[in-house]
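# Chain and residue survey
The residues making up each chain are set out below.
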Amino acid sequence: MQPAAQPIDAAAARSPALAAVANAAVRAIPPVWPLASSVAVNPFLGQSGESLAQTAARLGRVAGIAVTMPRSWYLERIASGAITDEDLADALSASPHAMRPASPAALKAAAATAAPPPKALPSVAELAAEASGTDWPGLIAERFGGWAAGYFDVGQALWAAPQGKSAYAAWRAVATHDLTPEILGLTGFATQVAEGPETAGQALAAAVARLGIPIAACETYFHQLLASLGGWAQFARYRLWQAELAGGHDTTLTDFLAIRLVWEQALHDRHEQQIAERWRAVCAAHAEPVAPTADQIVDAILQDAADRAAQRTLAGTFAQERAADPSPGRPTLQAAFCIDVRSELFRRALESTGPGIETIGFAGFFGLALSHRRHASDVDEARCPVLLTPAATSRTTDCGHHHEHGHNHGHEHLSDDAKARLTARAKRAWGRFKLAAVSSFAFVEAMGPVYAGKLLRDSFSFGDAKAPHDPAPRLDPALPVDQRAGMAVTILRAMSLTDGFARIVLFAGHGATTVNNPHASALQCGACGGYSGDANARLLAGLLNDPEVRTALAGQGIVIPDDTLFVGALHDTTTDTVTLYDADHPSAPHAADLQRVRGWFAAAGAIARGERALRLPRANGADDVAGRSRDWAEVRPEWGLAGCSAFIAAPRGRTAGRDLRGRSFLHSYDWRQDDGFRVLELILTAPVVVASWISLQYYGSTVAPTMFGAGNKLLHNVTGGIGVVEGNGGLLRVGLPWQSVHDGERYMHEPLRLSVVVEAPQEAIDGVLSRHPDLRALFDNGWLHLFRLNEQGRMASRYLRSLQWADLHASPAQEEPQPEHRKQLLRAAG
């Protein structure tokens, strides 16, 4: 036990130490993006510097959640043989914790014993609830949620809340007139807020001093208060993320902490006599160092064993003999898809439909970090990974563009744009009329019969899903040819596509078509910021069809044949249909080629739908899959990225012909073409990190659905235009809905930490990890696993931690790089 920490007075509370502790608590909260551009987020982002067991201890203390599955889940896999004794022994020996079980037998015995559920330390609100019989935590969630929905509203509310104030000032203006707390027994609360500190910093310091919280206790206590605000805190963290990405700062989440502390102080003042002794004990417990219990260590080891079982299966897949590669002639088609796991299945199907079809895996924004405006829109959509800031702007219509190319259709396009804008405005006005305070009462009776046709059409899923058909996008402003050529060179080299071009080279972004689905953007392309990837794919195709760009590329050693046509496309992952945007660049000589390509895609779509139907509830065959995208009662239109477990960066030849079951992110990469290993560094620091966010979001939504899951889709209501609540208010629910990871009878996502498999020299990988400590922390602390493929395409070695590796096979000689490459490797690594 540590000696009892001393409370801090008001003067000390204003010290830089308290500000640092508050900042640490803010950083412990993950961000969440709004529904319009929802992307997967690692819910353990603030704990990436800690191990799984340490995180279990921290989140158990502040939120009362486990970060692994129940013991029964692991026990079932041990009993079935899916987790072997060797997996358990290896996971046990790899555990760094001194309190780990003494032997594999002791570990198996522990797995057969139910672990006590974690219990969070109580807040003042919870202690006051026990003392008074009033559900103060529930009341705080309800009152805070109602205010936050208005404060964050982006256009859903008919009566918008005043803007321009800080979060603390805006809440204070409301709280001073809110009599609900006083009616329920918190006498004088509105007056206390009105007469209390005017700034968040002053309120935070005053509350800490009044509550007598030791400085050592503040970090986990502050983390607990922010976690109790659910998704509202995470959306405030998103604001800070966006501000820092733009070089600024945002204090919303710190304001939230001050607001929550004001509630704690008021409840403490009201119930001090009943809770003082227990509150002192809670403060002492918060001041203790965060350390995992023996049970939490056992759970972390069992999770590692489950990870190792899946890795053993993956290694066996790589070890299987496969058919020899076809003779190296010119391919009939090259199709680049996003690395998304849903593309693996479709790529495998496409390659089976005809000889000479090659597929490529690349991040779905295709190297173009765009701020894009769609047709008839003034909204700037960041179509790039959220780790990046847009580097170029694009749009779909502009009169100047057509004049540049000598056409006279500017007025026609402007007319189309104006018509679309007028239509959108009319729809918005009609929607507000339906919901207005007076007209809403008579609307249903007067207009109900008019909607009969629409109700029937939507109820029986008539009509087809339609892909986006905006006019061709273009960069605006246009970039000089040397800059465009530079972008093209970088992208093609990152794709390992610098020669051997087919007559048709297709870039297929991806999106998803669903109806009545607030979480629709979560099924779109994560690399495009929660939007579809069609704009990026079409822009890249246009860039590489540009004769000036091709001439510049030839000067840099990338010669594209004159008969090669680049085509943008969109893969709909819900229906497995592919839309070609070949009209962007009409080419009569390629008409027959494009007709064949459409046939291959149709055949591949049928194969993919048939395979996906095996996992979808109530899908009896391929024909049942497409209709799910139009069914407004369908809570599982597709499984998204459920099941994701591996990321593979290697030439396609290493994975072609192998059934990876739609569970692997596939990034094409040939290290022999990677001068200085700059592409390797890009892959490990960008696509791998994005994939880890996706994997860990699915993991968190499965193992801790109460905190990191969005709950039941059937109860969702959209609030503020940014997120969902269950029922009519309360906490914002974030993460994945339960229906996205569970089919009603069993889990459809197996919660595993992502295994990253890279074909590259060990020295080069170590060099990247050495230069990026945040990336290395993910591997060192076990949030990701790292493996290296050898020259034979086998999983040869496993990364341990601290730049240490262990061989997986008994032939160490095979793990060494070939002698002719050693000098290049040492130069790149050092």
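For the structure, check the block above.
Residues numbered from 1 in each chain as written. Predicted model: local features only at pLDDT ≥ 70, side-chain atom pairs only at ≥ 80, totals over all residues. Heavy atoms only, no water.

## Describing the sheet that holds strand E8 (residues 565-572)
Across a sheet, paired strands are connected by hydrogen bonds in the backbone, their directions being either parallel or antiparallel. Just so we agree on the cut-off: Strand pairing is defined by DSSP finding a minimum of two bridges between the two strands. Labels follow the DSSP assignment, with helices taken as runs of H or I lasting at least four residues and strands as runs of E lasting at least two, numbered in each case from the N terminus. Helix axes use the C-alpha atoms of the stretch in contact, all axes being lines fitted to C-alpha atoms, and the angles between their N-to-C directions lie in the range 0 to 180 degrees. Residue contacts are counted whenever heavy atoms from the two residues lie within 4.5 Å of one another.
Pairing in this open sheet of 5 strands is mixed, and the strands run E2-E1-E7-E8-E9 from one edge to the other. With one partner strand each, in any of the chains shown, strand E2 (357-362) and strand E9 (577-580) form the two edges of the open sheet. When the angles between neighbouring strand axes are averaged without regard to direction, this sheet yields 25°. Direction of pairing for strand E7 (residues 504-511) relative to E8: parallel, over a ladder of 8 bridges. Within E8, the residue paired with His510 across the bridge is His571. Against the sheet, helix H23 (residues 534-545) touches E7 and E8, its axis set at about 175° to E8. In the packing of helix H25 (residues 591-613) onto the sheet, contacts are made with strand E1 (333-338), E2, E7, E8 and E9, and the angle to E9 comes to roughly 160°.

## Observations regarding the side chain of Asp178
Using the following cut-off: Pairs of N or O atoms within 3.5 Å make up the polar contacts considered here, provided that, within protein, one atom can donate a hydrogen while the other can accept it, and that residues adjacent in sequence are counted only when both atoms are side-chain atoms.
Summarising the element assignment, Asp178 is placed in the loop between helix H9 (167-175) and helix H10 (180-183). Within the structure, the side chain of Asp178 is placed 3.0 Å from the side chain of Arg143, a separation counted as a polar contact. Setting aside chain neighbours within four positions, we find Asp178 in contact with Arg143 and Ala190.

## Focus on the packing of aromatic side chains
Convention followed: What counts as a ring pair is set by centres within 6.5 Å for rings of Phe, Tyr and Trp (its six-membered ring), and what kind of pair is set by the plane angle: stacked under 30 degrees, edge-to-face over 60, tilted for all other angles. Relative accessible area decides the class of each residue, using a 1.4 Å probe on protein chains only: under 20% of the type maximum gives buried, over 50% gives exposed, and in between gives partly exposed. The criterion is that NZ of a Lys, or CZ of an Arg, lies within 6 Å of the ring centre and within 35 degrees of the ring normal, and then a charge sits over that ring.
This structure, assessed with the given rule, holds 32 aromatic pairs. When the centroid spacing of 6.2 Å and the interplanar angle of 25° are considered together, the rings of Trp671 and Phe677 count as stacked. For the residue pair Trp671 and Phe677, the accessibility class agrees, reading buried in each case. Clustering of aromatic rings is evident, with ring pairs tying together Trp33, Phe144, Trp147, Tyr151, Phe152, Trp232, Phe235, Tyr238, Trp241, Phe256 and Trp693. Over the ring of Trp73 we find Arg77, and its NZ or CZ is 3.8 Å from the ring centre. The ring of Tyr581 carries the charged tip of Arg538 above its face, separated from the ring centre by 4.0 Å.

## Observations regarding the pattern of salt bridges
For clarity, the cut-off: Salt bridge, as used here: a side-chain nitrogen of Lys or Arg that lies within 4 Å of a carboxyl oxygen of Asp or Glu.
Using the criterion set out here, one finds 50 salt bridges in the structure. A salt bridge links Glu244 to Arg27, with the nearest nitrogen and oxygen atoms 2.7 Å apart. Highlighted residues: Glu244 in helix H14 (residues 231-245) and Arg27 in helix H2 (residues 16-27), separated in sequence by 217 residues. Between Arg342 and Glu638 there is a salt bridge whose closest N-O contact spans 2.9 Å. Placement of the pair is Arg342 in helix H17 (residues 341-351) and Glu638 in the loop between H25 and strand E10 (646-650), with a sequence separation of 296 residues.

## Describing the nonpolar core
To keep it simple, the criterion reads: Take the buried residues of types Ala, Val, Leu, Ile, Met, Phe, Trp, Tyr and Cys, join any two whose side-chain atoms come within 4.5 Å, and each joined set is a nonpolar core.
Judged by nonpolar contacts, the single largest core of 194 residues is most densely connected at Phe222, Phe256 and Phe507. A total of 15 residues in this core trace back to one element, the largest contributor, which is helix H15 (residues 252-287). With sequence-adjacent residues up to four places away left out, Phe256 is seen in contact with Phe144, Trp147, Phe152, Ala167, Leu226, Leu229, Trp232, Ala233 and Ala236. Judged by nonpolar contacts, the second largest core, of 22 residues, contains Ala335, Ala349, Ile357 and Trp600.

## Some points on the pairing of E8
Most of E8 sits inside the fold, with 8 of its 8 residues counted as buried. Across the two faces of E8 the burial is the same, with Leu565, Val567, Ala569 and His571 and Phe566, Gly568, Leu570 and Asp572 all buried.

## Quick notes on the environment of Ala382
Residue position: Ala382 is located in strand E4 (residues 381-383). Separated by 10 residues in the primary sequence, Ala382 and Ala392 have C-alpha atoms spaced 9.9 Å apart. Aside from chain neighbours lying at most four places away, what touches Ala382 is Leu370, Pro390, Cys528, Gly529 and Tyr531.

## Topic: the state of the cysteines
Here is the rule we go by: Disulfide: a pair of cysteine sulfur atoms within 2.5 Å of each other.
Evaluation of the coordinates by the stated rule reveals 0 disulfides. Free cysteine: Cys283, not disulfide-bonded; nearest cysteine sulfur from Cys218 at 8.4 Å. Here Cys338 is not cross-linked by a disulfide; its sulfur's nearest cysteine counterpart is in Cys525, at 4.1 Å. Given the relative accessible area of 5%, Cys338 is considered buried.

## Quick look at the side chain of Ser701
The residue Ser701 is located in helix H27 (residues 687-703) in this model. The exposure class assigned to Ser701 is buried, which follows from its relative accessible area of 2%. What Ser701 contacts, discounting residues up to four positions off in sequence, is Phe708, Gly709, Gly735, Leu736, Trp738 and Val741.

## With respect to the pairing of strand E14 (residues 723-726)
Inspection of the sheet shows strand E13 (residues 716-719) paired to E14 by 4 bridges, in the antiparallel sense. Considered in E14, the bridge of Val718 is made with Val724. What sits between E13 and E14 in their antiparallel hairpin is a turn of 3 residues, with Gly720 showing a positive phi close to 65°.

## Overview of the sheet that holds strand E19 (residues 805-807)
One open sheet holds the 6 strands; their spatial order is E11-E10-E16-E17-E18-E19, and the pairing between them is mixed. Every interior strand has two partners, whereas the edge strands, strand E11 (664-668) and E19, have only one. The sheet shows a mean angle of 20° between the axes of neighbouring strands, direction not considered. Packing against the sheet, helix H16 (residues 294-319) makes contact with E10, strand E16 (755-758), strand E17 (785-789) and strand E18 (795-799), and its axis sits at approximately 155° to E18.

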